[in-house]
Amino acid sequence: MRSMQIIEWGKPLQMRELPTPIPKGTELLVQVESCGVCHSDLHIWEGFFDLGNGQKFAISERGVHPPFTMGHEPVGKVIAQGPDAIGADIGKSYAVYPWIECGHCRPCTTGLPQICDAPKIIGTRVAGAYSDHVIVPNAKYLVDYSGINPDLAATLACSGLTTYSALNKLDLAKMTNQDTLLIIGAGGLGLSAICIARALCNARIVVVDIDSDKRAAARTIGADIVIDSAASDAGAQLSGFADAQDGRGIAASVDFVGLPQTMAFALAALRKGGQHVHVGLFGGAHPISLPPLAFRMLRVMGSYVGTLEEFRALVKLVQGGLALPIPISTRPLDQAAQALADLQSGKILGRVVLRP
Ligand code: NAD
Ligand code: ZN
């Protein structure tokens, strides 16, 4: 098989010819049709997460070392299976849930398998789908996406699922059209979030981004207003909108960037009792003044991807008509290095999907 691999952290990916794996036990061999390029792939490729204050978390500390094949948003056809595999149709195309858990640790047994202590995540811990073939450990991770465009179905495995799970951590049902939801970042995740939030709640949606093209895409896809978060009066523009016409301020914020300045912006904007979900992994550290956290009764939480049940629920919603018209462009697999470079320099609108 042919795989685009990290050979050296931060250096352009290279195509490698490797033996096509033979599925063992319950494993399935999937012929990849599409694989999304997530901004998390950029962090992995660079080899670390920025913890702030000069500290870094090295990917190698997870036991992941080059050569390594990324790719955690795959869709593909099952072409072979191990002797113990049951439940998949050979020749059928499925969306792959990549967040593989051990099933035994405390997070797994308490409903948080996505933060498993010993995960085997496809594309971040074990070989992923920047390749023409990928191994899936069990048919339960294959989801029928019939009726959905395969390139869009691919993006549901991370950007769709992550935003769906993050939004579901908010009191969406209580939000009316007098409440405002703040979405920070209009990239692959943020644009999905606008569509999913529109479908799940009645709140007004404000989107902030520093890039005018991304803001324009957010407006087209359904944001009520967009604001340049780098503008000196961004906070005033935001509160002006949220308080106008009987508005009740910013009820909730979801940060799909995850920088100190975006967290500061969100926490300053929230009304009393507001909720904030932190998703983005751009990195850094942010000091929080403690008395106001109590006085304002803010609820700040982190969210990491989502469960298999949430993935199945999201696929059903999209099959049932939830529209996700996010811009998706396709590139051949051998252009994966350029796709990462373009994502890094902010040139990608929506998502890029690689096709072997
Ligand atoms: P993307 O590159 O597609 O989009 C990022 C967006 O952020 C761009 O529109 C960019 O203009 C905007 N941006 C950059 N700096 C900004 C700033 N200072 N203020 C406002 N906007 C700014 O990235 P993506 O694929 O949407 O991923 C976003 C982040 O979420 C990445 O860090 C990624 O690793 C992370 N992520 C987290 C999870 C999770 O489960 N927690 C899952 C997937 C991705
Ligand atoms: Zn991702």
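As shown above, the structure is provided for reference.
Residues numbered from 1 in each chain as written. Chains lettered and ligands numbered in written order. Predicted model: local features only at pLDDT ≥ 70, side-chain atom pairs only at ≥ 80, totals over all residues. Heavy atoms only, no water.

(A) A look at the coordination of the zinc ion (ligand 2). Each protein donor to the zinc ion (ligand 2) is listed here as C38 (SG), H72 (NE2) and C158 (SG); together their distances run 2.0 to 2.3 Å. Counting along the primary sequence, the residues that act as donors to the zinc ion (ligand 2) give the motif C-x33-H-x85-C. Of the two residues, H72 is situated in the loop between strand 5 (55–58) and strand 6 (74–81) and C158 in helix 3 (residues 150–167); the sequence distance between them amounts to 86 residues. Note on accessibility: H72 and C158 belong to one class, buried. (Donors = N, O, S within 2.8 Å, 3.2 Å for Na, K, Ca; no water. Helix = DSSP H or I, 4+ residues; strand = E, 2+ residues; numbered from the N terminus. Buried < 20%, exposed > 50% of the residue type's maximum accessible area, 1.4 Å probe, protein only.)

(B) A look at the sheet that holds strand 12 (residues 225–228). Ordered by their spatial adjacency, six strands build an open sheet running 12-11-10-13-14-15, and the pairing between neighbours is parallel. The open sheet is flanked by strand 12 and strand 15 (299–302), the only strands paired with a single partner. When the angles between neighbouring strand axes are averaged without regard to direction, this sheet yields 20 degrees. Sheet topology places strand 13 (residues 250–255) next to strand 14 (residues 270–278); five bridges connect them, and they run parallel. Counterpart to D255 in the pairing with strand 14 is H278. In the packing of helix 6 (residues 234–243) onto the sheet, the strands contacted are strand 10 (180–184), strand 11 (204–209), strand 12 and strand 13, and the crossing angle to strand 12 comes to about 165 degrees. (Pairing = 2+ DSSP bridges. Axes fitted to C-alpha atoms, helices over the stretch in contact; angles between N-to-C directions. Contact = heavy atoms within 4.5 Å.)

(C) Region of interest: the nonpolar core. Ranked by size, the top nonpolar core spans 93 residues in total, and within it Y130 and L142 carry the most contacts. The biggest single contributor to this core is helix 3, with 10 residues. Setting aside chain neighbours within four positions, we find L142 in contact with L28, V30, V78, A88, Y94, A95, V96, V136 and R312. The next biggest cluster of nonpolar side chains, apart from the first, holds 16 residues, and it includes V206, A242, A266 and L270. (Core = buried A, V, L, I, M, F, W, Y, C linked by side-chain atoms within 4.5 Å.)

(D) How the structure looks around the packing of aromatic side chains. For the structure on display, the rule yields three aromatic pairs. Ring plane angle 15 degrees and centroid distance 6.2 Å describe the contact between Y97 and Y141, whose orientation is recorded as stacked. Of this pair, Y97 sits in the loop between strand 7 (93–96) and helix 2 (106–109) while Y141 sits in the loop between strand 8 (133–136) and strand 9 (142–143), and the two are 44 residues apart along the sequence. No difference in accessibility class separates Y97 from Y141, as the two residues are buried. (Phe/Tyr/Trp six-rings, centres within 6.5 Å; stacked < 30°, edge-to-face > 60°.)

Taken by themselves, the reported measurements are silent on function.
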